[in-house]
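The lines below spell out each chain.
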Amino acid sequence: MITTIRTQSNNKDFQELVKALDIDLQIRDGAEHGFYAQFNSIATINYVVVAYYENKAVGCGAIKPYDTETMEVKRMYVLPELRGKGIASIILSDLEIWAKQL
């Protein structure tokens, strides 16, 4: 069973998942990673969802205000061994609900 929590960027599980995401992105981005990395700070993200499977953090995502009517999805990631199980969809759905509430 997948559960989620709402938290902020200071959450340790979120920070560990973001480290894994950054390693993955460094491989995908190659030489351009430095350019893209400047847009991926998590220091001021107040709206974070972390997903858990069997009490282990397995995925995350966040939203950040873009303007007064728009939220931007940030830092979406699911551990590779658990992809294809609908975890990202659960995270995204939770983020969409939260954005509407805000």
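Refer to the structure above for everything that follows.
Below, the structure is looked at part by part. None of the values given here were measured: they were computed from a predicted structure.

A few words on unusual backbone geometry. Most peptide bonds take the trans configuration, and most residues that are not glycine carry a negative phi. Backbone geometry places Glu54, a non-glycine residue, at a positive phi of 55 degrees. Position of Glu54 relative to the elements: it lies in the loop between strand E2 (47-53) and strand E3 (56-67). Given a relative accessible area of 63%, Glu54 falls into the exposed group. A positive phi angle is found at Asn55, which is not glycine, with a value near 65 degrees. Checked against the element boundaries, Asn55 lands in the loop between E2 and E3.

Taken as a whole, this structure holds four salt bridges when the rule is applied. Of the charged contacts, one joins Lys19 and Glu16 as a salt bridge, the two residues approaching to 3.2 Å between their closest N and O atoms. Residue Lys19 and its partner Glu16 are both found in helix H1 (residues 12-29); the two are separated by three residues, about one turn of the helix.

All chains considered together, the criterion is met by one aromatic pair. Ring centres of Tyr47 and Trp98 lie 5.3 Å apart, and the angle between their planes is 85 degrees; this geometry places the pair in the edge-to-face category. Residue Tyr47 is found in strand E2, and its partner Trp98 is found in helix H3 (residues 87-101); the two are separated by 51 residues along the sequence. The class for Trp98 is buried, based on a relative accessible area of 10%.

Parameters at a glance
Residues numbered from 1 in each chain as written. Predicted model: local features only at pLDDT ≥ 70, side-chain atom pairs only at ≥ 80, totals over all residues. Heavy atoms only, no water. Helix = DSSP H or I, 4+ residues; strand = E, 2+ residues; numbered from the N terminus. Buried < 20%, exposed > 50% of the residue type's maximum accessible area, 1.4 Å probe, protein only. Salt bridge = Lys/Arg side-chain N within 4 Å of Asp/Glu carboxyl O. Phe/Tyr/Trp six-rings, centres within 6.5 Å; stacked < 30°, edge-to-face > 60°.

It is worth stressing that arrangement in space is one thing and function is another; only the former is reported here.
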